[in-house]
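A look at the structure
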Amino acid sequence: MQVLPRGVPVTFSFHGPWALESKQEGAGKLSVLLKHWVEDRVYDRCDRFIVLSKAFGDILHQEYQVPWSKIYVIPGGVDLSRFQIDRSRPFARSQLNWPQNRPILFTARRLVHRVGLDKLLMAVAAIKPEIPDIWLAIAGKGPLQADLQQQATDLGLNDNVKFLGFLPDEQLPIAYQAADLSVMPSQSLEGFGLAVLESLACGTPALCTPVGGMPEILDPFSPNLITTSIEATAIAERLEQLLLKKVPMPSREACQEYAAMNFDWQKIAQKVRKVLLA
């Protein structure tokens, strides 16, 4: 722990509980205990903590006994020069060679258990009878890729789901703009949900489960974009309501304006600077 300077105030940017995340992904008990011990030693040396959401502030306080007087909640920001509305939806789809006349869902996730892609596939299968041409694009790689691909086949979704693999950075804003809706079906430990902001900045509404910091982003803007639970049935219900316009979905312009007004990196950086210089 000697890398942390003595006599100099230390601000720690807490982006997630290392030990708890490892436990969620099946790490051994000894590994989890060792990681928790390392975290405890580091946090004992810190004077202030920046967290991306109240949800992760709660974890820092409850799991690691860090007092709230040391915790500052500052949300993440989005680069508006990169994530913006600069293409029509048809043009974005043509650039990616995606279908033009189908309702498209998009998600960019690491393919691991806690992000809930298995629940999303179940939800798509559940609404397919009502929306038979629905199309889900999944960007990302991870240890569950083969299992998820097999699940999609077993659910009869080979014509409804496309696994994109790694998506180059320059294509990510295009993918958001090509979709009707992006989805974050996380099941646990989603401290903020930067993809929600990226999608909004590109003018595409983002649906999330009520997990971690994601509802803190969307509740002031559009509560309809938060499912009632983490279960596949709740995800399916809200997807169907939004895509069939049974509940209102924000416009492209409203999404972009909300992201710009509240999460521009220039504004967020000033809040971080204030804590660092406190």
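Residues numbered from 1 in each chain as written. Predicted model: local features only at pLDDT ≥ 70, side-chain atom pairs only at ≥ 80, totals over all residues. Heavy atoms only, no water.

Some points on the sheet that holds strand 5 (residues 135–139)
One key point about sheets: their strands pair by backbone hydrogen bonds, in either a parallel or an antiparallel sense. Pairing is parallel in the open sheet, where five strands are placed in the order 6-5-4-7-8. Strand pairing shows two members of the sheet lacking a second neighbour, strand 6 (161–165) and strand 8 (206–208), which therefore form its edges. Strand-to-strand twist of the sheet, defined as the mean angle between neighbouring strand axes without regard to direction, takes the value 25°. In this sheet, strand 5 lies alongside strand 4 (residues 104–108) in parallel orientation, the contact comprising five bridges. Paired with Ala108 across the strands is Ala139, a residue of strand 5. (Pairing = 2+ DSSP bridges. Helix = DSSP H or I, 4+ residues; strand = E, 2+ residues; numbered from the N terminus. Axes fitted to C-alpha atoms, helices over the stretch in contact; angles between N-to-C directions.)

Points about the pairing of strand 5
Summarising burial for strand 5: five of the five residues are buried, a large majority. Covered by surrounding structure in strand 5 are Trp135, Ala137 and Ala139 together with Leu136 and Ile138, the residues of both alternating faces. The parallel pair strand 4 and strand 5, bridged by helix 5 (residues 117–127), forms a crossover whose chirality is right-handed. Taken together, the four bridges between strand 5 and strand 6 define a ladder with parallel strand orientation. Across the sheet, Ile138 pairs through a bridge with Phe163, a residue of strand 6. Of the crossover connections in this fold, the one passing from strand 5 over helix 6 (residues 145–154) to the parallel strand 6 is right-handed. (Buried < 20%, exposed > 50% of the residue type's maximum accessible area, 1.4 Å probe, protein only. Right-handed = clockwise from strand over helix to strand, strands pointing away.)

Some details on the packing of aromatic side chains
Counted under the stated rule, the structure contains 13 aromatic pairs. For the ring pair Phe14 and Tyr64, a centre distance of 6.3 Å and an interplane angle of 65° mean the geometry is edge-to-face. Highlighted residues: Phe14 in strand 1 (residues 11–14) and Tyr64 in helix 3 (residues 54–64), separated in sequence by 50 residues. One exposure class covers both Phe14 and Tyr64, and it is buried. Three or more aromatic residues link up through ring pairs in this structure, and these residues are Phe12, Phe14, Tyr43, Phe49, Phe56 and Tyr64. (Phe/Tyr/Trp six-rings, centres within 6.5 Å; stacked < 30°, edge-to-face > 60°.)

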